Amino acid sequence: LLHRTYAITHATPGTFQLQGPLVQGLTLGSNVHRPFLQQGQPLSLQIMSLPGGIKPELVSQNVQLEAHWQTGTKPHRVGDPLVRLLTIRAFGNTLEQLPPMALPELTGVRSYADGKSQSETIRQGQLVAEQTLRQAFIPQQAGPLTLPPITLHWWNSQRQRMESTRLDTPPLTI
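Bear in mind that the values here come from a model prediction, so they are computed numbers and not experimental data. (Residues numbered from 1 in each chain as written. Predicted model: local features only at pLDDT ≥ 70, side-chain atom pairs only at ≥ 80, totals over all residues. Heavy atoms only, no water.)

### Some points on the packing of aromatic side chains
Part 1 of the reasoning: By the definition in use, this model includes one aromatic pair.
Part 2 of the reasoning: The interplanar angle of 75° and the centroid separation of 5.9 Å between the aromatic rings of Trp 69 and Phe 137 together place this pair among those described as edge-to-face. One end of the pair, Trp 69, is in strand β6 (residues 62-70); the other, Phe 137, is in strand β9 (residues 126-139), and 68 residues separate them in sequence. Each of the two residues, Trp 69 as well as Phe 137, counts as buried. (Phe/Tyr/Trp six-rings, centres within 6.5 Å; stacked < 30°, edge-to-face > 60°. Helix = DSSP H or I, 4+ residues; strand = E, 2+ residues; numbered from the N terminus. Buried < 20%, exposed > 50% of the residue type's maximum accessible area, 1.4 Å probe, protein only.)

So this is what it looks like as structure tokens:
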């Protein structure tokens, strides 16, 4: 038994025909090995358009946003680099489909992207794309450091509706 899983993405609506797989090999018998060639059944895919010309940032089965500070010991001081790890996880998606996550511009804070890690995995038969961004913030003045919330507007392909995922990063005191 041969089992393969494919991820197929398409950017335009319509009906598409996929040719079935072509498999060739040998049947193993006690004295005779016979070659075989078998064509799988074709598959018809219907890609639906989104209602009302909706343009979400992402079409996905599920989206998760997470953030946490990777900071040293308290107290946090002016000029000390503070690192936020920001993770987006999308189910039924490839890495190429993930939207860019902008680094916020803040008054009194220098900031820069400090690398990223990303992966595509199969979890319980489902493709999962995950990207974690390291974002460094260097406060230039004392007081609360509050980052703006991140809101991602996405189309839930399971429920067939728009959804929003909002992430608030816990503030820090400088």
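Let us keep going from here.
### A closer look at the layout of surface pockets
Part 1 of the reasoning: Estimates place the volume of the largest pocket at around 1,100 Å³.
Part 2 of the reasoning: The wall of the largest pocket is formed by 33 residues, among which Ile 8, Thr 9, His 10, Val 59 and Gln 97 lie closest to the centre.
Part 3 of the reasoning: Counting residues per element, the ones that place at least two in the lining of the largest pocket are β4 (43-47), β5 (58-60) and β9.
Part 4 of the reasoning: Grouping the amino acids of the lining of the largest pocket by side-chain chemistry returns 17 nonpolar, 15 polar and one charged.
Part 5 of the reasoning: For the second largest pocket, the calculated volume is near 170 Å³. (1 Å grid on protein atoms, 1.4 Å probe; cavity = no way out; pocket = protein on both sides within 12 Å on 5 of 7 lines; lining within 4 Å. Points joined across faces, edges and corners; volume = space filled by probe spheres on them. Nonpolar A, V, L, I, M, F, W, Y, C, P; charged D, E, K, R; others polar.)

### A word on the pairing of strand β3 (residues 33-39)
Part 1 of the reasoning: Taken across its seven residues, β3 has zero buried, putting it largely on the surface.
Part 2 of the reasoning: Where strand β2 (residues 22-28) meets β3, seven bridges bridge the pair, whose relative direction is antiparallel. Its bridge partner lying in β3, Thr 27 is registered against Arg 34. (Pairing = 2+ DSSP bridges.)

### Notes on unusual backbone geometry
Part 1 of the reasoning: Even without being a glycine, Gln 124 presents a positive backbone phi close to 50°.
Part 2 of the reasoning: Following the sequence through the fold, Gln 124 ends up in the loop between β8 (109-123) and β9.
Part 3 of the reasoning: Residue Gln 160 is not a glycine yet carries a positive backbone phi of 55°.
Part 4 of the reasoning: Relative to the elements of secondary structure, Gln 160 occurs in the loop between β11 (150-156) and β12 (161-167).

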